[in-house]
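Coordinates in review
Spelled out, the chains give:
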Amino acid sequence: MFPNAFFHTQDLGNRGVDVLAIQHLLALSGPDGIFGATTRSAVMAFQRSKGLAADGIAGPLTWRALTPLLREGASGTAVRALQAQLNAKRRLSLPVDGRFTAEVGQAVRAFQAHAGIGADAVAGPITWRNLVWHYAYPAPAGMCDKDPDGNGPANWGTGAAIGQLEAAVRAFATGTVPLGDVGFEHGGPIPGHASHQAGLDVDLWPIRSDNAQCTAERITWRSADYDRDATRRLAQAVRATAPGHVKYIWFNDPVLIQEGLTDHWPNHDNHLHVRYCEAGHPDAAYLCGAAHA
């Protein structure tokens, strides 16, 4: 199994497939993958029903109580949660119809083999924990993949990081966003980066005034072709689509720093490094707190 696998904490402001799974597990109507007030209230009600602290934050204890044992023949919204997770974490196209078919069983077995756990096609506690922990891969809409460090498609991130990134790109909606590295499928060291190991760091390139950010060379904020207004809108979209879960955006444009949109960090003249955070992350560098906005 993945030795450091844990349930990613989800709370108000998060987006993505892990939130979507929680909504399915709670049998909420119209699940949308956005952790808003309705989802928070439902989490609190569930926590009270299980004798847990009713804080509206889906941490490990809440996840464990939410995730039932599922096997072939099962049906219902919990199966929808499982199907959504498998689709996002294994890049599949299973129908999210709430039916645990033989096809779903094969997908569960394949994931278990991938994770190095008992491959019995039964989604139990270990399978759920490893599946929720596993990283997701972004849909390409609105983005072009830029790999400056030769790491290939190193765009894997937590379910929340990828959901929030996709939402930011949709909100930006004024040209294509050049995506640098996020991370490898199971995290860990990545060449050219001191971080990007926890699935919560995303590199975006600044927007060019000639809209050639996907075909021309990377620029800095000092370049003649740098579009500050568009890059500002991109930073604003990143923050607006993940309220409470953007710890930093490192980018050295002094105007955007003065406006409170980005922070200075050495060697960040030519890319925006977005660090997302979680309410209960075991690494303090990714723990939401006073520094996040």
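For the structure, check the block above.
Just so we're clear, the structure is a prediction, and the values are computed from it rather than from any experiment. (Residues numbered from 1 in each chain as written. Predicted model: local features only at pLDDT ≥ 70, side-chain atom pairs only at ≥ 80, totals over all residues. Heavy atoms only, no water.)

**Topic: unusual backbone geometry**
- Of note in this structure, A27 is not a glycine but carries a positive phi near 60 degrees.
- Along the polypeptide, A27 turns up in the loop between α1 (17-25) and α2 (37-49). (Helix = DSSP H or I, 4+ residues; strand = E, 2+ residues; numbered from the N terminus.)

**A few points about the side chain of N155**
- Along the polypeptide, N155 turns up in the loop between β1 (143-145) and α7 (159-172).
- Within polar-contact distance, the side chain of N155 engages the side chain of D145 at 3.1 Å.
- Aside from chain neighbours lying at most four places away, what touches N155 is A136, Y137, P138, D145, I162, L179, G180, D181, V182 and G183. (Polar contact = N/O pair within 3.5 Å; in protein donor to acceptor, adjacent residues only side chain to side chain. Contact = heavy atoms within 4.5 Å.)

**Details of the layout of surface pockets**
- In this structure, the largest pocket occupies an estimated 310 Å³ of space.
- H193, A194, H268, H271 and H273 are, among the 18 residues lining the largest pocket, the residues nearest its centre.
- In this structure, the second largest pocket encloses a volume near 230 Å³.
- Lining the second largest pocket are 16 residues, and of these N4, W133, Y135, H186 and Q197 sit closest to its centre.
- Residues of the lining of the second largest pocket, tallied by class, amount to eight nonpolar, seven polar and one charged. (1 Å grid on protein atoms, 1.4 Å probe; cavity = no way out; pocket = protein on both sides within 12 Å on 5 of 7 lines; lining within 4 Å. Points joined across faces, edges and corners; volume = space filled by probe spheres on them. Nonpolar A, V, L, I, M, F, W, Y, C, P; charged D, E, K, R; others polar.)

**Some details on the pairing of strand β5 (residues 272-276)**
- Judged by how many residues are buried, β5 sits mostly within the fold: five of five residues are covered.
- Where burial is concerned, the two faces of β5 agree: the one with L272, V274 and Y276 and the one with H273 and R275 are both buried.
- Two strands pair when backbone bridges link them, and strand β3 (residues 201-204) and β5 are joined in this way by four bridges, in the antiparallel orientation. Following the sheet pairing, L204 is matched in β5 by L272.
- With four bridges connecting them, strand β4 (residues 246-250) and β5 associate as antiparallel partners. Residue pairing in the sheet places I249 in a bridge with V274 of β5. (Buried < 20%, exposed > 50% of the residue type's maximum accessible area, 1.4 Å probe, protein only. Pairing = 2+ DSSP bridges.)

**Brief notes about the pattern of salt bridges**
- Tallied over the full model, the rule gives 10 salt bridges.
- The salt bridge involving R99 is made with D97; its shortest N-O contact spans 3.3 Å.
- Given a relative accessible area of 49%, R99 falls into the partly exposed group.
- For D201, the salt bridge is made with R275, and the minimal N-O distance between the two is 2.8 Å. Taken together, the residues span a long stretch of sequence, with D201 in strand β3 and R275 in strand β5 at a distance of 74 residues.
- Taking relative accessible area as the criterion, R275 reaches 9% and is therefore assigned buried. (Salt bridge = Lys/Arg side-chain N within 4 Å of Asp/Glu carboxyl O.)

**Remarks on the packing of aromatic side chains**
- For the structure shown, the criterion picks out seven aromatic pairs.
- Arranged with centres 5.1 Å apart and planes meeting at 65 degrees, the rings of Y137 and W156 form a pair that is edge-to-face. Residue Y137 is found in the loop between α6 (125-133) and β1, and its partner W156 is found in the loop between β1 and α7; the two are separated by 19 residues along the sequence.
- According to the relative accessible area criterion, Y137 is buried, its value standing at 17%.
- Ring centres of Y248 and W250 lie 4.9 Å apart, and the angle between their planes is 15 degrees; on these two criteria the pair is classed as stacked. (Phe/Tyr/Trp six-rings, centres within 6.5 Å; stacked < 30°, edge-to-face > 60°.)

**A look at the state of the cysteines**
- Enumeration over the complete set of coordinates arrives at two disulfides.
- Each sulfur of the disulfide joining C144 and C214 lies 1.9 Å from the other. The sign of the S-S torsion, about -80 degrees, decides the handedness of the disulfide formed by C144 and C214: left-handed. Taken as a pair, C144 in strand β1 and C214 in the loop between β3 and α8 (228-240) lie far apart in primary sequence, 70 residues in all. (Disulfide = S-S within 2.5 Å.)

**Re the packing of helix α4 (residues 77-90) against α6**
- Remark: α4 packs on α6, axes separated minimally by 9 Å, with the N-to-C direction vectors making an angle of 45 degrees. Here α4 is positioned oblique relative to α6, judged by the angle of their axes. The chirality of how α4 crosses α6 is left-handed. For the pair α4 and α6, the contacting residues are A78, A81, L82, Q85, L86 and K89 in the first and W128, L131 and V132 in the second. (Axes fitted to C-alpha atoms, helices over the stretch in contact; angles between N-to-C directions. Parallel < 35°, antiparallel > 145°, perpendicular 65-115°, else oblique. Left-handed = near helix turned anticlockwise from the far one by under 90°.)

**Overview of the nonpolar core**
- In this structure, L70, L82, L86 and W128 are the most contacted members of the largest nonpolar core, which totals 37 residues.
- Elements represented by at least two residues in this core include exactly α1, α2, α3 (60-66), α4, α5 (102-115) and α6.
- Setting aside chain neighbours within four positions, we find L86 in contact with R91, L92, L94, V104, A107, V108, F111 and L131.
- Grouped together as the second largest cluster of nonpolar side chains are 32 residues, V169, V182, L234 and V274 included. (Core = buried A, V, L, I, M, F, W, Y, C linked by side-chain atoms within 4.5 Å.)

Limitation: the analysis is restricted to geometry and does not speak to function.
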